[in-house]
Amino acid sequence: MNNSRRQFIKKATIISTTSMLYPSFPAFSSSSNKGLKLRFRPYDLQLKHVFTLANSSRTTTPVMLTELECDGVIGYGEASMPPYLGESHQTATAFLSKLDLSQFKDPFKMEEILAYVDELAPGNAAAKASVDIALHDLVGKLVKQPWYKLWGLNPDKTPNTSFTIGIDKPEVVRQKVKEAAHFKILKVKLGAGNDKEMIETIRSVSDVPLCVDVNQGWTDKKEALEMIHWLKEKGIVFVEQPMPKTAIDDMAWLTQHSPLPTIADEALQRFPDVLKAHQVYSGINVKLMKCTGMREAYKMISLAKSLGMKVMIGCMTETSCAVSAAAQIAPLTNWADLDGNLLISNDVYDGIKIIDGKVTLNDRPGIGIRPR
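Calculation notes
Residues numbered from 1 in each chain as written. Predicted model: local features only at pLDDT ≥ 70, side-chain atom pairs only at ≥ 80, totals over all residues. Heavy atoms only, no water. Helix = DSSP H or I, 4+ residues; strand = E, 2+ residues; numbered from the N terminus. Rg over C-alpha atoms; globule rule 2.2 N^0.38 Å. Buried < 20%, exposed > 50% of the residue type's maximum accessible area, 1.4 Å probe, protein only. Contact = heavy atoms within 4.5 Å. Areas by Shrake-Rupley, 256 points an atom, 1.4 Å probe, with all protein chains shown as cover. Lys, Arg positive; Asp, Glu negative; His and termini not counted. Charge placed at Lys NZ, Arg CZ, Asp CG, Glu CD. Expected span 1.5 Å × (residues − 1). Axes fitted to C-alpha atoms, helices over the stretch in contact; angles between N-to-C directions. Parallel < 35°, antiparallel > 145°, perpendicular 65-115°, else oblique. Left-handed = near helix turned anticlockwise from the far one by under 90°. Nonpolar A, V, L, I, M, F, W, Y, C, P; charged D, E, K, R; others polar. Arc of directions from axis to C-beta. Phe/Tyr/Trp six-rings, centres within 6.5 Å; stacked < 30°, edge-to-face > 60°. Salt bridge = Lys/Arg side-chain N within 4 Å of Asp/Glu carboxyl O. Pairing = 2+ DSSP bridges.

### Description of the overall build of the protein chain
Then, in step 1: Helix and strand counts for the protein chain come out as 13 helices and 15 strands.
Then, in step 2: Its C-alpha atoms give the protein chain a radius of gyration of 20 Å, within 12% of the compact-globule value 21 Å for 372 residues.
Then, in step 3: Once the C-alpha set of the protein chain is aligned to its principal axes, its extents read approximately 65 × 55 × 40 Å.
Then, in step 4: The buried share of the protein chain, reckoned over its 372 residues, is 57%.
Then, in step 5: Here the analysis covers contacts within the protein chain between residues at least 6 apart in sequence; of these, 70% occur between residues at least 24 apart.
Then, in step 6: Carbon and sulfur atoms form 50% of the exposed surface of the protein chain, whose accessible area is close to 15,500 Å².
Then, in step 7: In the protein chain, which carries 45 positive and 41 negative side-chain charges, the distance between the mean positions of the two groups comes to 3 Å.

### A few points about helix H4 (residues 125–142)
Then, in step 1: With 18 residues, H4 extends 26 Å from end C-alpha to end C-alpha; this agrees with the ideal 26 Å at 1.5 Å per step.
Then, in step 2: With 17 of 18 residues buried, H4 is to be regarded as a mostly interior element.
Then, in step 3: Once H4 ends, the next one or two residues include Lys144, with phi positive near 60 degrees.

### A closer look at the packing of helix H3 (residues 110–119) against H4
Then, in step 1: Following both chains from N to C, one finds H3 and H4 inclined at 165 degrees, their axes separated by 10 Å at the closest point. Classed by the angle they form, the pair H3 and H4 counts as roughly antiparallel. Of the two possible hands of crossing, H3 and H4 adopt the one that is right-handed. Between H3 and H4, the contacting residues are Met110, Ile113, Leu114, Val117 and Asp118 on the first element and Lys128, Val131, Asp132, Leu135, His136 and Val139 on the second.
Then, in step 2: Looking at side-chain class alone, the contact of H3 with H4 contains 7 nonpolar, 1 polar and 3 charged residues.

### Focus: helix H9 (residues 248–257)
Then, in step 1: All buried positions along H9 are accounted for by Met251, Leu254 and Thr255. The buried residues of H9 all sit within an arc of 100 degrees when viewed along its axis, so they share a single face. In this structure, H9 carries Asp249 and Gln256 as exposed residues pointing more than 90 degrees from its buried face.
Then, in step 2: As for H9, its buried residues are in contact with helix H8 (221–233) and strand E8 (262–264).

### Overview of the packing of aromatic side chains
Then, in step 1: Scanning all chains against the criterion turns up 6 aromatic pairs.
Then, in step 2: Here the aromatic rings of Tyr76 and Tyr349 are separated by 5.5 Å at their centres, their planes lie at 55 degrees, and the arrangement is tilted. Of this pair, Tyr76 sits in strand E3 (residues 73–80) while Tyr349 is found in strand E12 (residues 349–350), placing the two residues 273 residues apart along the sequence. Taken individually, Tyr76 and Tyr349 each receive the classification buried, so the pair is uniform in this respect.
Then, in step 3: Taken together, a centroid distance of 4.5 Å and an interplanar angle of 40 degrees make the contact between Phe238 and Trp335 tilted. One end of the pair, Phe238, is in strand E7 (residues 236–240); the other, Trp335, is in strand E11 (residues 335–336), and 97 residues separate them in sequence.
Then, in step 4: Judged by its relative accessible area of 17%, Trp335 is buried.

### Side note on the pattern of salt bridges
Where side chains of opposite charge bring their charged atoms close, a pairing between them can arise.
Then, in step 1: Using the criterion set out here, one finds 23 salt bridges in the structure.
Then, in step 2: Between Asp213 and Lys189 there is a salt bridge, with the nearest N and O atoms lying 2.8 Å from each other. Residue Asp213 is located in strand E6 (residues 210–213), and its partner Lys189 is located in strand E5 (residues 185–189); the two are separated by 24 residues in the primary sequence.
Then, in step 3: Taking relative accessible area as the criterion, Lys189 reaches 7% and is therefore assigned buried.
Then, in step 4: The structure contains a network of salt bridges with shared partners spanning Lys187, Lys189, Asp213, Glu240 and Asp337.

### Some points on the sheet that holds E6
Then, in step 1: One open sheet holds the 8 strands; their spatial order is E4-E5-E6-E7-E8-E9-E10-E11, and the pairing between them is parallel. Strand pairing shows two members of the sheet lacking a second neighbour, strand E4 (162–165) and E11, which therefore form its edges.
Then, in step 2: Taken together, the 4 bridges between E4 and E5 define a ladder with parallel strand orientation. Looking at the pairing, Ile165 lines up with Val188 of E5.

Take a look at the structure:
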């Protein structure tokens, strides 16, 4: 296939997967016509356990909680900002303070509103997501429907969610696994040099299916392939971001030879990255905090599926607000990693539930949450 033909197909695919993002909404009339009101406040999530990745550890995560009001109806949003992503209470405050959403009188003009938010300044993906989520929650409440219904999705099609086991000492790992006994799949953090010990420790107390997240922790493609073959024998389902995101050629080679699917995480931020990940990874992990929210996540997932890629919907450590927003898209995905609210001790919202390991949506309008 020549390059011009290939580019045409890519462009056609993008158009076909993004043209019907939102349903037709009824005409909106406001009694006050004062435009949208945005409020926000910083908050710190307290983690139940020390959270350790290949290169860092932490016990808290800063978030920004947002509210978007129209005619007395309030939509809730959230920006979760783990330090490695480069956002903070300070950057989110600076960005959100620049927004003038009062200029928008009709909240149903979602594309126009979110385009304005995205184009105001580069970066600030999580801060932008906090507005996107609040707007979706608001609009869903105005039409009195949850978003999975507005998108025509079947709530019975949600996958089981994985529960994350961070890198730790064997005795702590065993205890975490026992506490997660009701989950049908576990996600194990690797990449700190004790990979086999982590897996063997878990296998000493559980035979539940595992997926592993290496967080770019492997650097040699042949050693990575040997490790993946070993992991397959241990009942691993897929391998997430095994190598550095910049090692594109090595990653493509690894995917080609791997007996397990490879999933892009750090290599994937926003919509254009989906095409870049195609034929380099087997699938993608979409997170609202990295892609600016529900609007772009839906587009990314639709494009990936049209390209034959596997899809996981993921999260950061978050309240039930952002997790419930991501869950609205879960029926479109192969896997879910929506345990962020289960890892904290000070959730301020009540939202989706994990019942017998499965992401379970409710019938509340918007993103399905209410303040505790």
